[in-house]
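For reference, the chains in residue letters:
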Amino acid sequence: MIELTDVRKVFPARRRAGEVVAVDGVSLRVQAGEFAGVVGPSGSGKSTLVRLVNLLERPTSGSVTVDGQVLTDLPDDRVREARRAIGMVFQHFELLDSRTAAGNVEHPLELAGVGRAERRRRATDLLDLVGLGERAEARPAQLSGGQKQRVAIARALAARPKVLLCDEATSALDQASTASVLELLRRVRSELGLTVLLITHEMAVVKAVCDSAVLLERGRVVDGGRLSEVLTRGHSPLADALLPAPVADAGAGHGGALLRVTVTDRTPETVVLQTLIGELGLAVEVAGGSVETVAGGRYGRLLLRVTGDLDRLEAGLRALHDGGVVVDRVPAHGGVAAGSGATR
Amino acid sequence: MSDWGRVYPQLFEATGETLYMVGVAALLTVLLGVPLGVLLTVTAPGGLAPRPLLNRALGLVVNLGRALPFIILLVLVAPVTRGIVGTTIGSTAAIVPLTLGAIPFLARLVETSLREVASGKVEAALSMGARRRDVVRTVLLPEARPSLVAGVTVTVVALISYSAMAGAVGGGGLGDFAIRFGYQQFRTDITLLTVVLLLVIVQLLQWAGDRWARRLAHV
Ligand SMILES: Nc1ncnc2c1ncn2[C@@H]1O[C@H](COP(=O)(O)OP(=O)(O)OP(=O)(O)O)[C@@H](O)[C@H]1O
Ligand SMILES: [Mg+2]
């Protein structure tokens, strides 16, 4: 649905600052119906990247395709039309103070030349959809941040887009509003069959709503994929960002062996414990780690310290491996602090 | 003080002339100054339709108009006034220099107001597929309306003080009245009365303008 091919965006040098390569050769593919995330530190080019998708920013080179249309080949007036099929939600809502909530939702319809009666009807439906049917005549100034973002989402959906772009849509909201806005985004995604590209610097947001994500650093994609796959990879900067690698608790006992285990729905820790305790007769102690819900599934990374008769440990781990469990032994002298690959 | 009966009708007439000059000039100023202000805003670097050369040329003309003392402008545009109105004397003739003097003034105020509109709102409209003129019509002007109204109020008040000057060189109105009946006949009471009257008009305008702007602000 969205395809970026080797896209670069260079901002020319200004009087004091030199030229800035904001996006440096990014290729990205978002399937229809997917909820995709882009994460990265501040200044990594996330906002620029999302603005390239609807050509608010023209790429310096590379191509942008949305819904089969190569936007970068289109003249300006055709790009404007194509933008109607791409809704956008912003960090600071960007509602017009001169209009009511309903008036704001009608704005894109007005631009598309939809008649007054039809506009009213659609605005009412959309405000109902986002749970603000009662506040249709309220001014933005009378709404809370979360409510404003709901209106902004209704507005972005007004022209029945196939794609929704969100640039830090929850970054200006408190936790409760964030949760409800994310919930709404997931709901409209499935009810309307949208493809969503969401930019954020908050990992919790990605974990809550995204099916896939890419990690951007200095304008480049350094990692990415479906979360279910990324999280079960041995070494992945994105996985490390989502679920920080466990650190051994300094107070835990010494000796024995340290094991790093990745927990998923298919390979829960019970399987590992069964093998270690039940079959190998070892004592197991949790030295660190956590288990969370990510993309609707249960994922975790645990650090286990096993003690006892370790002779059959290697064989046991091989068996677990063969059973699809991601588990490996932390080299004893390699430092316990963090598993390899955690500090990339 | 027995001549007040003779003075009042004249005062009444002079007030009417001032309101006429200022009213028509204000209307023309808004009609021409707002588009000029929009042009200044959108052609600026980083604007909706950057045209650096045009922007600099417009900026120069506008600054020239504002730098020129009104009295000088009055004399300079006399040929233009004669061309348009047929004469350079009278209230109607005074409208031409008044308007030409106020347009650059308002245009800058409009430019400032439009620039204050958050760029994110413009982006949001562009992301919905708005054309540039849609952005001006549905975002910039409506969002800036409270501040535009304030700008127009300031301009109208300035027009009243300009009109007193225009009056002194044959435009009629309250300025002319104050000079002929008050200053030249050493009637301080008449001068004072005229000043009070001007003050009342200005106060009323400012009050109405503020109220209107506040009603539009919604925040
Ligand atoms: N219009 C512009 N002109 C010049 N440089 C720009 C422009 N927009 C962005 N940049 C630069 O491009 C780089 C990437 O900016 P961008 O806003 O895309 O980062 P970001 O990942 O969204 O950051 P944040 O998390 O802080 O929002 C930054 O170095 C920024 O200074
Ligand atoms: Mg950003």
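Please read all numbers here as calculations on a predicted model, not as lab measurements.

Draft legend 1. Broad picture of the overall build of chain A. Of regular secondary structure, chain A possesses eleven helices and 14 strands. Seen along its three principal axes, the alpha-carbon backbone of chain A occupies a region of about 80 × 50 × 35 Å. Within chain A, contacts between residues at least 6 apart in sequence are counted, and of these 69% link residues at least 24 apart. Accessible area of chain A: about 15500 Å², with a carbon and sulfur share of 48%. Here chain A contributes 43 positively and 42 negatively charged side chains, and the mean placements of these two sets differ by 6 Å.

Draft legend 2. Quick peek at the interface of chain A and chain B. Listed as interface residues are 22 residues of chain A and, on the opposing side, 19 residues of chain B. The interface formed by chain A and chain B includes two salt bridges. In this structure, the salt-bridge partner of Asp97(A) is Lys121(B), at a minimum N-O distance of 3.0 Å. Connecting chain A to chain B are seven residue pairs in polar contact (both at pLDDT 80 or more). Mapped by element, the contributors of at least two residues to the side of chain A that touches chain B are α2 (76–83), β6 (86–89) and α3 (101–111) of chain A. With four residues, the single largest contributor to the side of chain A that touches chain B is α3(A). Split by residue class, the side of chain A that touches chain B holds nine nonpolar, three polar and ten charged.

Draft legend 3. A look at the UniProt feature "domain: ABC transmembrane type-1" (unreviewed entry) in chain B. Mapped onto the present numbering, the UniProt feature "domain: ABC transmembrane type-1" (unreviewed entry) falls on residues 15–205 of chain B. End C-alpha to end C-alpha, residues 15–205 of chain B measures 15 Å, and it is 85% helix and 0% strand.

Draft legend 4. Representation of a nonpolar patch on the surface within the structure. Taken together, Tyr20(B), Val24(B), Leu27(B), Leu28(B), Leu31(B) and Leu32(B) make up a surface patch of nonpolar side chains, about 530 Å² in accessible area. Within the secondary structure, Leu32(B) is located in helix α1 (residues 4–42).

Draft legend 5. Representation of the pairing of strand β7 (residues 163–167) of chain A. All names here are of chain A. In terms of burial, β7 is largely enclosed, as five of its five residues are buried. Taking every second residue as pointing to the same face, both faces of β7 are buried, with Val 163, Leu 165 and Asp 167 on one and Leu 164 and Cys 166 on the other. Relative to strand β8 (residues 195–200), β7 is paired through five bridges, and the arrangement is parallel. Its bridge partner being in β8, Leu 165 is matched across the sheet by Leu 197. For the crossover that starts at β7, traverses helix α6 (residues 175–192) and ends in the parallel β8, the hand is right-handed.

Draft legend 6. Fine view of the domain arrangement of chain A. All names here are of chain A. Looking at the assigned domains, one finds that chain A contains domain 1 (2–230) and domain 2 (244–330). Counting residues at the interface gives four residues for domain 1, matched by five residues for domain 2. Carbon and sulfur atoms make up 55% of the area that domain 1 and domain 2 hide from each other, which totals about 420 Å². Together, Lys 207, Leu 227 and Ser 228 form the three largest contributors to the area buried by domain 1 at its contact with domain 2, with a combined 84%. Two residues, Lys 207 and Glu 292, come together in a salt bridge whose shortest N-O distance is 3.1 Å.

What counts and what doesn't
Residues numbered from 1 in each chain as written. Chains lettered and ligands numbered in written order. Predicted model: local features only at pLDDT ≥ 70, side-chain atom pairs only at ≥ 80, totals over all residues. Heavy atoms only, no water. Helix = DSSP H or I, 4+ residues; strand = E, 2+ residues; numbered from the N terminus. Contact = heavy atoms within 4.5 Å. Areas by Shrake-Rupley, 256 points an atom, 1.4 Å probe, with all protein chains shown as cover. Lys, Arg positive; Asp, Glu negative; His and termini not counted. Charge placed at Lys NZ, Arg CZ, Asp CG, Glu CD. Salt bridge = Lys/Arg side-chain N within 4 Å of Asp/Glu carboxyl O. Polar contact = N/O pair within 3.5 Å; in protein donor to acceptor, adjacent residues only side chain to side chain. Nonpolar A, V, L, I, M, F, W, Y, C, P; charged D, E, K, R; others polar. UniProt positions renumbered as here; feature names shortened; annotations may be inferred. Patch = residues over 30% accessible without salt bridge, like charges linked within 9 Å, V, L, I, M, F, W, Y side chains within 5 Å. Buried < 20%, exposed > 50% of the residue type's maximum accessible area, 1.4 Å probe, protein only. Pairing = 2+ DSSP bridges. Right-handed = clockwise from strand over helix to strand, strands pointing away. Domains from an automatic or database assignment. Buried area = accessible area lost by both parts, 1.4 Å probe.

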